[in-house]
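These are the residues of each chain, in order.
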Amino acid sequence: MVGDCSATVDFFGIHASLASGQRQDQDDPCKTKSKVVGDATYCDRYWECVNNQAELYDCPNGLVFAGKHRGVTEGCDYPWRSDYCDGKQLANGPISTEHCDWLYGIFGHETSCTRYWTCWNGTATEQLCIGGLLYNENAHSCDWPENVEGCQKHPLCNDDANGNVPLGKSCNRYWQCQGGYPRLQRCPAMLVFDRRSLRCVVPPTEDCDIPTTPQPFDGDLEQGKGNAISNLPPGAIQGKLGGGSGGRKQN
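Residues numbered from 1 in each chain as written. Predicted model: local features only at pLDDT ≥ 70, side-chain atom pairs only at ≥ 80, totals over all residues. Heavy atoms only, no water.

As annotated in an unreviewed UniProt entry, the chain is Chitin-binding type-2 domain-containing protein from Culex quinquefasciatus.

1. Examining the nonpolar core
The tendency in soluble globular proteins is for nonpolar side chains to be buried side by side. In this structure, Tyr 46, Cys 59, Leu 63, Tyr 116 and Cys 129 are the most contacted members of the largest nonpolar core, which totals 17 residues. When residues of this core are sorted by domain, at least three fall in each of domain 1 (29-81) and domain 2 (105-147). Not counting residues within four places of it along the chain, the set of residues in contact with Leu 63 comprises Asp 44, Val 72, Thr 73, Cys 76, Asp 77, Tyr 78 and Tyr 104. (Core = buried A, V, L, I, M, F, W, Y, C linked by side-chain atoms within 4.5 Å. Buried < 20%, exposed > 50% of the residue type's maximum accessible area, 1.4 Å probe, protein only. Domains from an automatic or database assignment. Contact = heavy atoms within 4.5 Å.)

2. Examining the packing of aromatic side chains
As enumerated under the stated definition, the model contains six aromatic pairs in all. For the pair Tyr 46 and Phe 65, a centre-to-centre distance of 5.1 Å together with 20 degrees between the ring planes defines the contact as stacked. Of the two residues, Tyr 46 is situated in strand E2 (residues 45-50) and Phe 65 in strand E4 (residues 64-65); the sequence distance between them amounts to 19 residues. Between Tyr 116 and Tyr 135, the aromatic rings sit 4.9 Å apart at their centres with planes inclined by 15 degrees, giving stacked as the arrangement. Of this pair, Tyr 116 sits in strand E7 (residues 115-120) while Tyr 135 is found in strand E9 (residues 134-136), placing the two residues 19 residues apart along the sequence. What links up through ring pairs into an aromatic cluster is the set Tyr 46, Tyr 57 and Phe 65. The ring of Tyr 42 carries the charged tip of Arg 45 above its face, separated from the ring centre by 5.3 Å. (Phe/Tyr/Trp six-rings, centres within 6.5 Å; stacked < 30°, edge-to-face > 60°. Helix = DSSP H or I, 4+ residues; strand = E, 2+ residues; numbered from the N terminus. Lys NZ or Arg CZ within 6 Å of the ring centre and 35° of its normal.)

3. A word on a negative patch on the surface
A cluster of like negative charges, contributed by Glu 98, Asp 101, Glu 110 and Glu 137, occupies part of the molecular surface. Here Glu 137 shows up in the loop between E9 and strand E10 (141-143). (Patch = residues over 30% accessible without salt bridge, like charges linked within 9 Å, V, L, I, M, F, W, Y side chains within 5 Å. Areas by Shrake-Rupley, 256 points an atom, 1.4 Å probe, with all protein chains shown as cover. Salt bridge = Lys/Arg side-chain N within 4 Å of Asp/Glu carboxyl O. Lys, Arg positive; Asp, Glu negative; His and termini not counted. Charge placed at Lys NZ, Arg CZ, Asp CG, Glu CD.)

Structural data, given as structure tokens:
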């Protein structure tokens, strides 16, 4: 609950004008079907009809109002997902914790281009971009290296910008670096990837026997056993985000 005096005064001012009908630009939630409406001035606040009275709420810090049953929690969403704040402003500033600029959000890693932080109620969880992707702070998701400024060379390709790199213990999948950008490749049928010559060869090798059937794609991505998430480029996989709590009432 926000306890600063300005927020309290602001709340009673708006509440009184709603009751008297003086504010024509602020919808009364009690007169709408959803019983919830966004604030006319602040994109991180919303009004809800409670016991036939309009009550003012704040979205969790870092989120903005998206609409009833929308967003990531209680009608609030990440501000970069849409034009939620066009013509509006934020009522609340950031509350920061370790690795989190706001209590809720997705933020770049301080030292790594392949990692990032998902923050939920101020708790940061480290995530990893796989499939040769890097974290793009503008898109707030994993992206192809050529789209990520400042991280043009992927760590996988540090030794050879145009070489091949083994993929864990996989016998038929490997990374192919193209100008410093890794691309996931599969050896042709009945061939295996040799970790010494760094190319596809006729088996057996020291590490791989003769394959009987093609290996499934998902089984080869040892780092990709987590659930897939939307908002990624084709072929990308990323850790699943968590869930959390709702809005905070103003008083």
